[in-house]
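Per-entry structural report
One-letter residues, chain by chain:
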Amino acid sequence: MEAQRALVRQVGDRVAESQGALVEGLVQDIRAQIGALDQEAAARSLLEASITENVVAAINFLRQGIEPDQLEAPTAALAYARVLAQRDVPQSALIRAYRIGHQRFLDHAFALLDDLPAADRVPVCVELVRLSGQFIDLICEQVGRTYERERDRWVASRSGVRQRWVTDLLGGGPVDRAAAARALRYPLDAVHLACTLWPAARMTSFDLVAAVDDVRAHAVSALGARAALVVPTDEYEARLWLALPGPPNAPASPSSSTSATASSSASGSAYLGAPEGSPLHAAFGRPGAGLDGFRTSARQAARVREILGTRLGSGAAAAPLWVHYDQAAPVALMAGDLPAVRDFVTSTLGALAAAGAREAVLRDTLRVFLDRHRGHAATARAMSLHRNSVQYRVHRATALLPHGERDLADDFNVRAALLAVHWLGDAVLATGP
């Protein structure tokens, strides 16, 4: 028996050596096989943290011979279960993920046993199946209890009730609009501007609620909104809808008294600026009328949230960002396939796609220059530079393009690539020499 335990510990050591590959494969498998868990960047980060801590806990369970009654689910696993409960993701999706993880863990471990003598291999496999099954059952029991407690608490709260109505509205199926409007105390026949809000730095859930309420009050005042609806997505994020003034068929625009905080784009959508000192990132959709507008604006805000999650994950920004869909719409349409965007950026920009500080300055200058119709003076004013500095930077930037100035003869691809780098950051830059 002691010899068998030693072999199991040896297997645990081997799995630990290849832990990174195991976690990466598990994240990809679970996202591909369970659509309900393939969510936006913030939720994916929690999924990866949960998988990582579970794998570490399983390895320690094998190596250290931990008694089952002392086994505790990892903190990240419990936090992820609570978030899924708040987002109305079925518990069955979470438990299925653990079953996939169990099978993948065993496949990975069995592949490391080829050099064991045949007489040892079978009993070790049997023991691995027994121990890993015991581990999964105990962890699933704890995670399941956490999910159920959080689900009961969330549904019982007013936030949970609002979330369920909003989930039904966004689902696209039939819904009693009048009952939803009464329950939410929000007019669904309005022109809606949707926004997703999340912390720019670590904060407590209490502070997050207070910060979101500050944004709500600021937005209502700045845009003259008829009403506002705040619905927490989970303890790390909230959605905000604003019912803009005017009838549903009127163009959406900010009130005339708010020029300091909002302005109209060419399409008539409202651009809302952040209140001073706000600790939150914000991603906005376009205004849209009626229930379709309620859904579409929220979907667009979610796409901008996804883009900013990628950008912030690459360390491209630290201060709170407030970004509207119109500012990043082309990138929002591209960002679902980052490898393809990276290939487009590197082939279009050539040496200008290098991940260096010098190239970053040149890219930014060229982007602003093209946005301002190639006006050196306008670019100099926008960037607080001397006109000669702009000319020099633009010359250096175009020299790094694959075909030099010829690439600007029809600059659509160059502008799209520069915009992609601006919003997605290092995630779409060249990864090698």
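Remember, predicted model here, so these are calculated numbers, not experimental data.

With that settled, the discussion passes to the overall build of the chain. A count of helical and extended segments in the chain gives 16 helices and eight strands. Across its three principal directions, the C-alpha atoms of the chain cover 80 × 60 × 35 Å. Residues classed as buried in the chain amount to 47% of the 433 residues present. For the chain, restricting intrachain contacts to residue pairs at least 6 apart in sequence, the fraction spanning at least 24 positions comes to 73%. Approximately 20400 Å² of the chain is accessible, and the part contributed by carbon and sulfur atoms is 52%. Side-chain charges in the chain split into 45 positive and 46 negative, and the spacing between the mean points of these groups amounts to 7 Å.

Before going further, it helps to examine unusual backbone geometry. With phi around 55°, Arg185 is a residue other than glycine that occupies positive phi space. With respect to the helices, strands and loops of the structure, Arg185 is situated in the loop between α8 (177–184) and β1 (191–199).

Enumeration over the complete set of coordinates arrives at four aromatic pairs. Its guanidinium or amino end placed over the ring of Trp198, Arg305 lies 3.9 Å from that ring's centre, counting from NZ or CZ.

By the element assignment, Gln86 lies in helix α4 (residues 75–86). Gln86 gets classed as buried once you look at its relative accessible area, which sits at 2%. Side-chain polar atoms of Gln86 contact the side chain of Glu150, separated by 2.8 Å.

One pass over the full model with this rule turns up 18 salt bridges. The shortest N-O distance in the salt bridge between Arg31 and Asp38 comes to 2.7 Å. A residue is classified by how much of its surface remains accessible, and Arg31, at 29% relative accessible area, is partly exposed. Here Asp38 falls in the partly exposed class, since its relative accessible area comes to 37%. Here Glu150 ties to Arg153 by a salt bridge, and the two come within 2.5 Å at their closest N and O atoms. With Glu150 and Arg153 both in helix α6 (residues 118–156) and three residues apart, this pair spans about one turn of that helix. Accessibility expressed as a relative area gives 8% for Glu150, which makes it buried. Residue Arg153 is classed as partly exposed on the basis of its relative accessible area of 45%. The structure contains a network of salt bridges with shared partners spanning Asp364, Arg367, Asp371 and Arg415.

Quick look at the environment of His102 now. With respect to the helices, strands and loops of the structure, His102 is situated in helix α5 (residues 91–110). Classification of His102 by relative accessible area gives buried; the value is 17%. Each C-alpha atom of the pair His102 and Ala58 lies 9.7 Å from the other, and the pair is 44 residues apart in sequence. Of the polar contacts made by the side chain of His102, one reaches the side chain of Ser132; its length is 2.9 Å.

Turning our attention to the pairing of strand β2 (residues 227–234). With respect to burial, β2 is a largely interior element, seven of its eight residues being buried. Direction of pairing for β2 relative to strand β3 (residues 237–244): antiparallel, over a ladder of seven bridges. Across the sheet, residue Ala228 finds its bridge partner in β3, namely Leu242. What sits between β2 and β3 in their antiparallel hairpin is a turn of two residues.

This brings us to the packing of helix α2 (residues 19–33) against helix α3 (residues 41–64). With their axes 10 Å apart at the nearest point, α2 and α3 run at an angle of 135° to one another. Considering their axes alone, α2 and α3 lie oblique with respect to each other. The chirality of how α2 crosses α3 is right-handed. Across from Gln19, Leu22, Val23, Leu26, Val27, Ile30 and Arg31 in α2, the residues of α3 making contact are Arg44, Leu47, Glu48, Ile51, Thr52, Val55, Val56 and Ile59. A class-by-class count of the residues in the contact of α2 with α3 yields ten nonpolar, two polar and three charged.

To continue, consider the packing of helix α13 (residues 357–371) against helix α15 (residues 387–400). Taken N-terminus to C-terminus, the directions of α13 and α15 make an angle of 105°; their axes are 9 Å apart at the nearest point. Classified by the interaxial angle, the pair formed by α13 and α15 is roughly perpendicular. In contact with Arg358, Glu359, Val361, Leu362, Thr365, Leu366 and Phe369 of α13, α15 contributes Val390, Arg393, Val394, Arg396, Ala397, Thr398 and Leu400. Classifying every residue of the contact of α13 with α15 gives eight nonpolar, two polar and four charged.

Turning our attention to the confidence of the model for the chain. Per-residue confidence for the chain averages 84 on the pLDDT scale, and 91% of its residues sit at or above 70. A low-confidence stretch, residues 249–270 (pLDDT under 50), is modelled with 41 contacts involving residues beyond four sequence positions or located in other chains.

Okay, the nonpolar core next. With 46 residues, the main nonpolar core has Ile30, Leu37 and Leu128 as its most contacted residues. Only α1 (2–17), α2, α3, α4, α5 and α6 provide two or more residues apiece to this core. If you tally residues by element for this core, the top one is α6, at nine residues. Excluding anything up to four places from it in sequence, Leu128 contacts Val8, Val11, Leu62, Leu106, Ala109, Phe110 and Leu113.

So, how was this worked out
Residues numbered from 1 in each chain as written. Predicted model: local features only at pLDDT ≥ 70, side-chain atom pairs only at ≥ 80, totals over all residues. Heavy atoms only, no water. Helix = DSSP H or I, 4+ residues; strand = E, 2+ residues; numbered from the N terminus. Buried < 20%, exposed > 50% of the residue type's maximum accessible area, 1.4 Å probe, protein only. Contact = heavy atoms within 4.5 Å. Areas by Shrake-Rupley, 256 points an atom, 1.4 Å probe, with all protein chains shown as cover. Lys, Arg positive; Asp, Glu negative; His and termini not counted. Charge placed at Lys NZ, Arg CZ, Asp CG, Glu CD. Phe/Tyr/Trp six-rings, centres within 6.5 Å; stacked < 30°, edge-to-face > 60°. Lys NZ or Arg CZ within 6 Å of the ring centre and 35° of its normal. Polar contact = N/O pair within 3.5 Å; in protein donor to acceptor, adjacent residues only side chain to side chain. Salt bridge = Lys/Arg side-chain N within 4 Å of Asp/Glu carboxyl O. Pairing = 2+ DSSP bridges. Axes fitted to C-alpha atoms, helices over the stretch in contact; angles between N-to-C directions. Parallel < 35°, antiparallel > 145°, perpendicular 65-115°, else oblique. Left-handed = near helix turned anticlockwise from the far one by under 90°. Nonpolar A, V, L, I, M, F, W, Y, C, P; charged D, E, K, R; others polar. pLDDT = per-residue confidence, 0-100. Core = buried A, V, L, I, M, F, W, Y, C linked by side-chain atoms within 4.5 Å.

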